[in-house]
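Results of the structural survey
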Amino acid sequence: MSGHGGRGRHYSGGRSNPSHGGGGRGSVSGGGSSGAGAPAPTQTRAYSPPAASSSSAPVASLSSEMEQKLTLETTTAVASVPPGSSKAVRFPQRPGFGTVGKKIQVRANHFLVQVADRDLHHYDVTITPEVASKKIHREVMNQLVRLYSETHLGKRIPAYDGMKSLYTAGPLPFSSKEFVVKLLPNDGRAAAAGSSSSSKRKDREFKVALTLANKPDLYQLQQFLHSQRVETPQEAIQVLDIVLRATPSEKYTVVGRSFFSTELGPKGSLGEGLEYWRGFFQSLRPTQLGLSLNIDVSARSFFDPILVTEFLAKHFYHTDRSKHLSDRDCIKVKKTLKRVKVEVRLRDWTKNEEVKRTYTINGLSAQPLGQLRFTCEDENTSVVQYYRKKYKIDLKYVAWPAIQAGNDSKPVYLPMELCSIVAGQRYTKKLNKKQVTALLKATCQRPRDRENNITQMIRQKTNNRDDKESLIRREFGLQVREEMALVKARVLPSPLLKYHDSGREKSVYPQMGQWNMTNKKMVNGGRLQVWAFVSFSRVSQDITFEFLGALVDVCNSKGMEFSPQPLLPEQFSHSGQIERVLRDIHKLSAQKGRQLQLLIVILPDQSDSSYGKIKRTCETELGIVSQCLEPQKVKRWNTQYLENLALKINVKVGGRNTVLNDAIYKKMPVVTDRLPTIIFGADVTHPAAGDDSSPSIAAVVASTDWPEVTNYRAIVSAQHHRDEIIEDLYKSHKSEKGLVHGGMIRELLVAFYRQKRLKPSRIIFYRDGVSEGQFSQVLLHEVDAIRRACASLEEGYMPTVTFVVVQKRHHTRLFPADHSNRGQMDRSGNIQPGTVVDTEICHPTEFDFYLNSHAGIQGTSRPAHYHVLFDENRFTADGLQVLTNNLCYTYARCTRSVSIVPPAYYAHLVAFRARHYIEGDSSDGGSTTGGGAQVLRALPEIKENVKEVMFYC
C-alpha cells in the first residue's frame, strides 16, 4: 500500500470531556400516548422464511380488489352521499380531532375567501395560428377584450388561464363565436447572419374561437365545504384559482404556482452570472374554514441579464477570447444556454436605424465564429465581414463559436458578444453550495418578519380597488380577508427517552425539542473491535492521532466498546489514490482474516467528488461501512463534535443510541401492543434540474427491532426518469422453477422475520415526496404492491396497513399568535416543538394534520403535513399524531427532534446516498434506443454486510 503508514497506536488517555449537547440537523417534540383502536386481523405466529427468490404461494393480482376497497370505503357520516364517480378513490375520513397536549392558538398564512353565488361559464379557446407562448396568448386575449368587451362580450371581465380556457361570471351573448385580433409589432428586427434581411415586422393576425364548454357548479363546492359531499369539486376550485391568478400571471414571471418580479422586492446576486428574484406563492385550498388563499414569500434563481460573453466569463470562467473553447466546454455551454432567449440591439448603417430582435438559443456553431461563412444576396461572405459592413462592428470573440438560433436546416448565427440575455428567465439547473446558501438567505426571515411581509403583500393585493385584479375578483364575487387565519393548535408533550442504566442519567424528557448526552450512556452501545483509518487530507499526523484518541475515549465513555487498537496501521495518502488505497485496506484486512466493521476516513481538503467515490467503492464494491470526516472539523474538533460522531458510529456498528421509554414497556398504542408492527419509510429522489436522462432513485427503509423501532434496514432501486411511483416494491418473473418473487417490501419483511422470528401483523408506511395530484395513483399502486409482497410470503398473509404521506414541500407556515409572549415560542421565535394543527386549515373531511415536531434554528419553521391515504389499523387522531411526534425524537444522528418522521428522513438520506453510486459515471444516467425507449441502468448492489447496519447515518 502506498502512502505513509503510521505505526499502529493504542488510543487512550485523550480528552474525555463531558458532553454539552449534540447539535445536528432538524429538530423537535414528542407526546404522550393516546388510544388507537385497532383490529386483531392476524394471529402472531412464526413462519419459516420462504426460499430467497421463489415461492409456491399463489399470488393473484390484487389490483381490482384494492381499487374496489379504496373506492367504496366511506364512513357512516357520509354513507348516504352518492359518489360522483364510481372510480373515485376515497381516502379515510377524519376519525375525530386530537385532544392531547396544551391548547394554544397560532396564526397560519391562510386567508379566508368568501365566494358569492355566480353563474360560472367555461369557454374553450382556440387561437390560430398556434403559438406555444402563454405570453402571446394573453396578449391576444387582452386585445380581444379591449376591442370587443362592449360590443360582443356583454361587458364581462373574463379570467383566462393562458392556454385553452376562459371563464366568465355569467353567460356571454353567444355559445360560439370567432374573432379576428391583430397584434401590433412592438420591436424592430435585427438581421442576423443567415436570417432574412427585412427590417420591419408585420402585424400579426390571429383568429380566436370561443365555444361554450360547460358551466362549473359552485353548489357542489359549498356542499363539499360543509361535509355534505365526499368528492372534492376540483373543477370549481380550479376555476376560482384561475380567477385569482389571472392578473398576477399577466404582470409577473410565472414559475409553477409562484410569481416573481423585481417589483416585488430587491433582486440580489447569486454569483456566476445568476441572480435571485423575490416573489410570492399563491394557492386556493379547500379547508374546514372554507376556501382559503395560501400566500407565502418566495425567491428563485434567474439568469443575470448580461452579455453572453460576460455570462461565460462568470459562469464557466472563460475569459481568454483568443483561446478556442474545447468540445467539452462547448457541450457545457450549450446545455446551460439551451432555450435561453437573447436580445440583439444594433444600428443598421445601410438604413440608419436601430433594430432589435429576440432570439432563442438552440445551440452553438460547429466552427469558430471567424470561420463561419454564408450566402447573402448571392454573395458568399464571412460572418465577420457581414457585421463589419452592415453594422460597422469589428467582432472580437472570433475564436469562440457563434450562438445558433433558428433550426439546423435554416440556422441563424449570432456573435456572443452582441447577445444580451433577456431578463426574467429562470435558471433551472442545479445551484452550487454558495448559491444555495445565498438563495436561502434571501428567504430566511424570522417568523415575525415573514408574517409581516406576507400580510403586507395580501393588503397590497386587496386594497387597490381600481386595478384589474380587484375588478376580476368583484366580477366573480370573491372577497379575500386581509387577516391571517387564527387557528386552534395543541403542543404535544415530549416523550421520555431511555438511556442505559449505567449512566448517571438513565432517562430524559427533552426540553424544547433538544437534549444532550451529558451523564448519559447509549442504551445499546455497539462493539467496535475491527476498524481502520485513512486520511486523504493534509491534516498533520499529530493532530490526527490526538483526534483519534479523543474519539475512542468519547465513544467508550458513552457506552460503546471501541477497541483503541486499529486492525491496520494508519494510512496517509492523497485524493489521487482513493480507490487504490481503499482496495489495499480491504485486501490487507482480508489477509488478516478479519472483516472491517468500520473505516474512518478524513476527506481530501478540496474535492467535491471524493465523498461519493469513497461511499460507492466501500458500500457497493468492498463491503465496508465508513465514517467520513471533514478535515476542517478534525483540525478544530471539540467534545460536541466527537459526541455527534459517536452517535453515528454507534448505529453503524449495530448499536442503539436511545429508545422511547413507552416502546420498552410496550405502551405505544397500535405499535407495541401484542401484535408485532413494522414501520416503513419511503422516498423517491429525482435527478437535478436540467438532467433529462439519469434515473430516479427509490429508497425504502423498515424497522427490524420491534418493539423499540429505532433500527432501520435500507434498500435502494433505480427507476425510470422522474417516475414518482416506486416500481420495485414488489416484482415477479417466471422461471423454469415457476414464479419467482422479489422486491423491496418482501426483502424487508424477510429481514424483520430473521431478526425477530415473528412476522409483522401491522404495517405503518410513511411515504415522502408525493404531491396531492399523485395521491390516488401512488396509493393504488403501492398499497397493492405491499399486498402482493405479503401474499408472496405466505398464502393468506395480509397484515393491516396504514399508509401516510409526509409532505414538506408545501407553503403553510404557522406563527405564534402573540410574538411578545415568549412562553409560546422557542428561542428562535418560532412555534414550539410538538405543535400540531388538525382543525381549521386542514382538509374538510379527510384525515390530515400539520405537525411542527422540531425547534427552529434560523428562519421560519416549516411544519410537516401528514395525510392518511389508507388506514386499516384504525388510528385515532391522537394515536397517530402522538406516535409520529414521538418517533421524531428517535433520529439517530443528533440529540434533537427532527422535522419529519425518522423513517421518511432515513429513506431520503438513503436515496441521496445512492445518487453517489451513479454520479461521476462517464456515461449518461440513462440511454435511449432507436425507438426512443429509455434503457434503465441498475444501481450497483449494496453489499449484504453493509445493509445489516444503518450505514447511511
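Numbering of residues starts from 1 in every chain and runs along the sequence as written. Owing to the predicted nature of the model, reporting of local features is limited to residues with pLDDT of at least 70; listing and counting of side-chain atom pairs is limited to 80 or more, with chain, interface and lining totals taken over all residues. The side-chain numbers reported here are obtained from all heavy atoms of the structure, hydrogens and water having been left aside.

**Looking at the overall build of the chain**
Our working rule: By the criteria applied, helices consist of DSSP H or I runs no shorter than four residues and strands consist of E runs no shorter than two, each listed in order from the N terminus. Three labels apply to residues, based on accessible area from a 1.4 Å probe with only protein chains included: buried if under 20% of the type maximum, exposed if over 50%, partly exposed otherwise in between. We call two residues in contact whenever any of their non-hydrogen atoms come within 4.5 Å of each other. Methods summary: accessible areas were calculated by the Shrake-Rupley approach with a probe of 1.4 Å, and residue burial reflects only the protein chains presented.
The helix and strand tally for the chain stands at 21 helices and 45 strands. The burial tally for the chain puts 57% of its 953 residues in the buried class. Pairs at least 24 apart in sequence give 75% of the contacts found in the chain among residues at least 6 apart. Taken as a whole, the chain presents about 41000 Å² of accessible surface, with 46% of it coming from carbon and sulfur.

**Description of the sheet that holds strand β34 (residues 696–703)**
Operational definition: One requirement defines pairing of two strands: DSSP has to find at least two bridges between them. To get an axis, fit a line to the C-alpha atoms, keeping to the stretch in contact for a helix; angles then go from 0 to 180 degrees between the N-to-C directions.
In space, the 11 strands of this open sheet follow the order β35-β34-β33-β38-β39-β43-β42-β41-β23-β2-β40, with mixed pairing throughout. If you trace the sheet from one side to the other, it starts and ends with β35 (712–719) and β40 (814–816), each paired once. Pairs of neighbouring strands in the sheet enclose a mean axial angle of 30 degrees, with direction left out of account. For β34 and β35, the ladder comprises eight bridges, and the chain directions are antiparallel. Looking at β35, one finds that Ser-696 is bridged to Gln-719. Contacts from helix α19 (residues 877–887) reach β23 (485–491), β33 (677–685), β38 (762–768), β39 (800–807), β41 (835–837), β42 (848–852) and β43 (864–871) within the one sheet, and its direction differs from that of β42 by about 30 degrees.

**Describing the nonpolar core**
Using the following cut-off: In this description, a nonpolar core means a group of buried Ala, Val, Leu, Ile, Met, Phe, Trp, Tyr and Cys residues linked to one another through side-chain atoms lying within 4.5 Å.
Ranked by size, the top nonpolar core spans 95 residues in total, and within it Phe-547, Ile-600, Tyr-766, Tyr-866, Tyr-906, Phe-951 and Tyr-952 carry the most contacts. No other element matches helix α20 (residues 902–918), which puts 10 residues into this core.

**Thoughts on the side chain of Arg-285**
Short version of the rule: The term polar contact refers here to a pair of N or O atoms within 3.5 Å; inside protein, the definition further demands a hydrogen-donor-capable atom paired with an acceptor-capable atom, and it admits residues adjacent in sequence only when both atoms are side-chain atoms.
Tracing the backbone through its elements, the reader meets Arg-285 in strand β12 (residues 274–287). There is a polar contact of 2.6 Å between the side chain of Arg-285 and the side chain of Glu-772. Excluding anything up to four places from it in sequence, Arg-285 contacts His-110, Gly-290, Leu-291, Ser-292, Asn-294 and Glu-772.

**Observations concerning the packing of aromatic side chains**
Put simply, the rule is: Two rings from Phe, Tyr or Trp (for Trp, the six-membered ring) form a pair when their centres are within 6.5 Å of each other. A pair whose planes differ by under 30 degrees is stacked, one over 60 is edge-to-face, and the rest are tilted.
Summed over the entire model, instances satisfying the criterion amount to 30 aromatic pairs. Each ring, one from Tyr-252 and one from Phe-280, has its centre 6.1 Å from the other, and the planes form 85 degrees; the classification is edge-to-face. Of the two residues, Tyr-252 sits in the loop between α4 (234–251) and β9 (253–255) while Phe-280 sits in strand β12, which places them 28 residues apart along the sequence. An identical accessibility class is assigned to Tyr-252 and Phe-280; each is buried. With a centroid separation of 5.3 Å and 90 degrees between ring planes, the pair formed by Trp-531 and Phe-562 is classed as edge-to-face. Of this pair, Trp-531 sits in strand β27 (residues 531–535) while Phe-562 sits in strand β28 (residues 561–562), and the two are 31 residues apart along the sequence.

**Considering the sheet that holds strand β19 (residues 401–406)**
Ordered in space as β16-β19-β20, the three strands form an open sheet in which the pairing is antiparallel. A strand with exactly one partner marks an edge of an open sheet, and here the two such strands are β16 (363–368) and β20 (411–414). Going across the sheet, the axis of each strand differs from the next one's by a mean of 40 degrees, ignoring polarity. For β16 and β19, the ladder comprises three bridges, and the chain directions are antiparallel. Considered in β19, the bridge of Pro-368 is made with Pro-401.

**Focus: the pairing of strand β17 (residues 373–376)**
Here β17 runs beside strand β18 (residues 379–382); their pairing, made up of four bridges, is antiparallel. Considered in β18, the bridge of Phe-374 is made with Thr-381. Here β17 folds back onto β18 in antiparallel fashion, the turn holding two residues, of which Glu-377 has a positive phi close to 55 degrees.

**Looking at a positive patch on the surface**
Definition in use: For patches, a residue must show more than 30% relative accessible area and have no salt bridge; joins then use 9 Å for like charges and 5 Å for nonpolar side chains, namely Val, Leu, Ile, Met, Phe, Trp and Tyr. Salt bridges are defined as contacts in which a side-chain nitrogen from Lys or Arg sits within 4 Å of a carboxyl oxygen from Asp or Glu. Positive charge is attributed to Lys and Arg, negative charge to Asp and Glu, and no charge count is given to His or to the chain ends. A single reference atom marks each charge: NZ on Lys, CZ on Arg, CG on Asp, CD on Glu.
A surface patch of like charges, here positive, comprises Lys-135, Lys-334, Lys-338, Arg-339 and Lys-341. With respect to the helices, strands and loops of the structure, Lys-341 is situated in strand β14 (residues 341–348).

**Quick word on the pattern of salt bridges**
According to the stated counting rule, one finds 40 salt bridges in the structure shown. Lys-155 is the salt-bridge partner of Glu-150, the closest N and O atoms lying 3.8 Å from each other. Looking at Glu-150, the relative accessible area reads 60%, which means it is exposed. A salt bridge links Glu-621 to Arg-583; its shortest N-O distance comes to 2.5 Å. One end of the pair, Glu-621, is in helix α13 (residues 610–622); the other, Arg-583, is in helix α12 (residues 578–591), and 38 residues separate them in sequence. By relative accessible area, Glu-621 is classed as partly exposed at 34%. Linked through salt bridges whose partners overlap, the residues forming this network are Arg-713, Glu-747, Glu-941, Glu-944, Lys-947 and Glu-948.

**Remarks on unusual backbone geometry**
The residue after Thr-128, namely Pro-129, is reached through a cis peptide bond having omega 0 degrees. For Pro-129, the location among the structural elements is in the loop between β4 (121–128) and α2 (134–148). Cis geometry marks the peptide bond from Trp-706 to Pro-707, where omega comes out at 10 degrees. Structurally, Pro-707 is set in the loop between β34 and β35.

**Some words on helix α11 (residues 541–557)**
In plain terms, the rule: A helix is expected to reach a length of 1.5 Å times the quantity of its residues less one.
Compared with an ideal rise of 1.5 Å per residue, which puts 17 residues at 24 Å, α11 spans 24 Å between its outermost C-alpha atoms and is within 8% of the ideal. Three or more residues of α11 are buried, namely Thr-544, Phe-545, Phe-547, Leu-548, Gly-549, Ala-550, Leu-551, Val-552, Asp-553, Val-554 and Cys-555. Downstream of α11 by one or two residues, Gly-559 has phi in the positive range, about 110 degrees.

**With respect to α20**
With 17 residues, α20 extends 25 Å between its outermost C-alpha atoms, agreeing within 8% with the 24 Å of an ideal straight helix rising 1.5 Å per residue. Across the 17 residues that make up α20, a large majority, 14, are buried.

**Quick word on the pairing of strand β30 (residues 598–602)**
Formally: With its strands directed away from the observer, a crossover is right-handed exactly when the path from the first strand over the helix to the second travels clockwise.
Within β30, five of the five residues are buried, which leaves it mostly tucked inside the rest of the structure. Across the two faces of β30 the burial is the same, with Leu-598, Ile-600 and Ile-602 and Leu-599 and Val-601 all buried. When β27 meets β30, the two strands line up parallel, connected through five bridges. Directly across from Val-534, in β30, lies its bridge partner Val-601. Looking at chain direction, β30 and strand β31 (residues 626–629) are connected through four bridges and run parallel. For Ile-600, the partnering residue across the bridge sits in β31 and is Gln-627. One crossover worth recording links β30 to the parallel β31 by way of α13, and it is right-handed.

**Side note on the environment of Arg-138**
Relative to the helices and strands, Arg-138 resides in helix α2. Considered as a pair, Arg-138 and Asp-161 are 23 residues apart in the sequence and their alpha carbons are 8.5 Å apart. Residues contacting Arg-138, with those up to four places away along its chain left out, are Tyr-160, Asp-161, Gly-162, Ala-246, Ser-249 and Glu-250.

**Looking at the packing of helix α17 (residues 744–756) against helix α18 (residues 775–793)**
In plain terms, the rule: Any angle that falls under 35 degrees is termed roughly parallel, while one over 145 is termed roughly antiparallel, one within 65 to 115 roughly perpendicular, and all others oblique. Throughout, a crossing is termed right-handed when the near helix is turned clockwise from the far one, and left-handed when it is turned anticlockwise from it by less than a right angle. Residues were grouped as follows: Ala, Val, Leu, Ile, Met, Phe, Trp, Tyr, Cys and Pro as nonpolar; Asp, Glu, Lys and Arg as charged; and all remaining residues, including Gly, as polar.
At a minimum axis distance of 8 Å, the contact between α17 and α18 shows a crossing angle of 50 degrees. Classified by the angle their axes make, α17 and α18 are oblique. For the pair α17 and α18, the crossing hand works out as right-handed. On α18, the residues touching Ile-745, Arg-746, Leu-749 and Val-750 of α17 are Ile-786, Ala-789, Cys-790, Ser-792 and Leu-793. By residue class, the composition of the contact of α17 with α18 is seven nonpolar, one polar and one charged.

**Examining the side chain of Thr-617**
Tracing the backbone shows Thr-617 in helix α13. A residue is classified by how much of its surface remains accessible, and Thr-617, at 0% relative accessible area, is buried. Within polar-contact distance, the side chain of Thr-617 engages the backbone oxygen of Lys-613 at 2.8 Å. Leave out the neighbours within four places in its chain, and Thr-617 touches Glu-579, Leu-582 and Leu-622.

**Quick word on the environment of Phe-302**
Tracing the sequence through the fold places Phe-302 in strand β13 (residues 290–303). Between the C-alpha atoms of Phe-302 and Phe-260, which are 42 residues apart in sequence, the distance is 10.0 Å. If near-sequence neighbours (up to four positions away) are discounted, Phe-302 is found in contact with Thr-253, Phe-260, Leu-274, Glu-275, Trp-277, Gly-424, Gln-425, Arg-426 and Tyr-427.

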